[in-house]
Amino acid sequence: MSVFRRTAYAAALVVAAAGLTATVASPAPATAALPTAAVALGDSFISGEGAGAYAPVVDVNGVSQGFPGWSAPNNNAYFCHRSANASLHRASLPGIQDRFNLACSGGQPYDIGAASAARAKGRQVTSQLDQLRAVARTHDIDLVLIGLGSNNSSFTFGSVAEKCANRFIADAWTGWWEFWAYLGGPVPQEPCADADLATPAQLTAATGETTSAVRQILATLAQVDADGQHRVVFQDYTNPLPFDLYPTFHEQDGRADDRDKFRDLGAERYAAGCPIHRASLAPGHRFSASLGTMVRSTRDTLAAEFPGADLVYLNVQRAFDGARLCESPSSPAGTLATPIRLMDGPSGVFVTSLAGKDKLDIQDIANTCVSYFQTCQESWHPNAAGHQVLGQCLTGAVTAAARSVACVRSPDGSVTVS
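Scoring rules and cut-offs
- Each chain carries its own residue numbering, running from 1 in the direction its sequence is written.
- Two thresholds apply to this predicted model, a pLDDT of at least 70 for residue-level local features and 80 or more for giving and counting side-chain atom pairs, whereas whole-chain, interface and lining totals are computed over all residues.
- Computation of side-chain values: all heavy atoms of the structure, hydrogens and water removed.
- Each helix is a run of DSSP H or I of at least 4 residues and each strand a run of E of at least 2, with the numbering of both proceeding from the N terminus.
- For every residue, the accessible area obtained with a 1.4 Å probe (protein chains only) is divided by the maximum for its type, and the residue is called buried under 20%, exposed over 50%, and partly exposed between those limits.
- Throughout, a contact is declared for two residues whenever any of their heavy atoms are within 4.5 Å.
- The protein chains shown are the only cover counted for residues, whose accessible areas, like all others here, come from Shrake-Rupley with a 1.4 Å probe.
- Pairing between strands is defined by DSSP: at least two bridges between the two strands are required.
- Note on definitions: angles span 0 to 180 degrees between N-to-C directions of axes, and those axes are lines fitted to C-alpha atoms, for helices only across the stretch in contact.
- If an angle is under 35 degrees, it is roughly parallel; if it is over 145, roughly antiparallel; if it lies from 65 to 115, roughly perpendicular; otherwise it is oblique.
- For a crossing to be left-handed, the near helix must be turned anticlockwise from the far one by less than a right angle; the clockwise case is right-handed.
- A helix is expected to span 1.5 Å multiplied by its residue count minus one.
- Just to be clear on terms, a salt bridge is a Lys or Arg side-chain nitrogen sitting within 4 Å of an Asp or Glu carboxyl oxygen.
- To count as a disulfide, a pair of cysteine sulfur atoms needs to be within 2.5 Å.

Caption draft 1: Structural detail: the overall build of the protein chain. A count of helices and strands for the protein chain gives 12 helices and 11 strands. Evaluated residue by residue, the protein chain yields a buried proportion of 51% over its 418 residues. Counting contacts in the protein chain only where the partners sit at least 6 residues apart, residues at least 24 apart contribute 75% of the total. When the accessible surface of the protein chain is split by element, carbon and sulfur atoms take 57% of a total near 17,200 Å².

Right, here's the structure in full:
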């Protein structure tokens, strides 16, 4: 039974009991109440990517997959990266007895109703709805956290991040006339523009996919939830990068990022966690805002279709204010997001400095991310501290009376949801 409606329900039972007459000899045996549960569905920002402490994940064959090694295929179920530090586990949820993280890093709307294993680059897990049904057989689902849409058939967060970071690295270490290639071919060196991240048509298509997938979730909940009472929180996305870099990251050795070759600056920004052109930052924030619009639109559309459903939109776009990568000179220390980190081969050892590397070194390091995506997939995601903040955001959304709330971090580090 929903923690948000239990008090009213109990009061109704008292009133009903008072109205019974003495002709009722003996009531039917009470059915044991199921334990209450909170469930997380969606992609990496919900699964806990970047927060460490990843749990084994049961694959499509019913086998629990622990860490398979850095050179294992990236479709291994473990790389869903379901973290014990994810926001679902950090939130204060009075009345909730058990929590189930069913989200998967890289998850797409397709993966809600169909096995992720059935699509290209999908992980070896069953559909999230099948996993949800399994929880509903043993628990009364009172809260569902959904984070969905940043990955879809048109674009993915990982590909967007990789594109913009690779352009910066290529620009920093090579001249436009030098023809050297990553595994995927030559890499452009200009800053990312809006259309490089997602076009209006792609965002429209992604909104449709996301809405259809969440419609399936709500319909399934109506069928399987023990008492039909549950709150669904639609969380959007926060940008790990600031609107502009701290001034000390603007140039190095007299070179900014608007000229050809700037290796010292490239190494400085990589070490700080933000290998990105300054000109790419504004398009990146417009992209994040568009994802928020998509999530809000999905919630509003389905609220009209399911008028009795308890649906809340949680805007977290300002939840990392003041603590984004390269927003202060000490970055990545004290930030709420993971820096871009790569490996030189699937070694398990992250390269934290590119100082002194030549372009062939950079090529090898970048190619490792292409061949073994798990070596870099934590990059630019909320870290454990970031998920602690997102847990506070979720706590506020759970108790909010409004159906749209924003979570904002103040300069002093306090977090408010209103």
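Caption draft 2: Inspection of the sheet that holds strand 4 (residues 98-101) at higher detail. Read from one edge to the other, the open sheet built from seven strands follows the order 4-1-5-6-7-10-11, with strand pairing classed as mixed. Strand pairing shows two members of the sheet lacking a second neighbour, strand 4 and strand 11 (415-417), which therefore form its edges. Looking at each pair of strands side by side, their axes are set apart by 20° on average, direction ignored. When strand 6 (residues 231-235) meets strand 7 (residues 310-318), the two strands line up parallel, connected through five bridges.

Caption draft 3: Highlighting the packing of helix 5 (residues 128-136) against helix 8 (residues 200-224). Look at helix 5 against helix 8: their axes get within 11 Å of each other, and the N-to-C directions meet at 20°. Our classification of the angle between helix 5 and helix 8 gives roughly parallel. Crossing of helix 5 over helix 8 shows right-handed handedness. Where helix 5 abuts helix 8, its residues L129, L132, R133 and A136 lie against Q216, I217, T220, L221 and V224.

Caption draft 4: Seen up close, helix 6 (residues 157-173). In this model, helix 6 (17 residues) spans 24 Å end to end at C-alpha, consistent with the 24 Å of a helix rising 1.5 Å per residue. Burial analysis of helix 6 places 13 of its 17 residues in the buried class, the great majority of the element.

Caption draft 5: Representation of the pattern of salt bridges within the structure. Taken as a whole, this structure holds 14 salt bridges when the rule is applied. The shortest N-O distance in the salt bridge between R215 and E305 comes to 2.8 Å. Separated by 90 residues along the polypeptide, R215 in helix 8 and E305 in helix 10 (residues 278-305) bring together distant segments of the chain. Each of the salt bridges in this network shares a partner with another, and the network as a whole consists of R167, E190 and D196.

Caption draft 6: Representation of the state of the cysteines within the structure. Counting across every chain of the model gives five disulfides. Between C164 and C192 runs a disulfide, and the two sulfur atoms are separated by 2.2 Å. Residues C164 and C192 are joined by a disulfide whose S-S torsion is about -120°; by sign, that bridge is left-handed. On the criterion of sequence distance, the pair formed by C164 in helix 6 and C192 in the loop between helix 6 and helix 7 (194-197) is long-range, its members being 28 residues apart. The pair C164 / C192 is uniform in exposure class, with both members buried. Between the sulfur of C369 and that of C376 lies a disulfide, 1.9 Å long from S to S. What sets the handedness of the C369 and C376 disulfide is the S-S torsion sign, and at about 65° it is right-handed. Here C369 and C376 have matching classes, each one buried.

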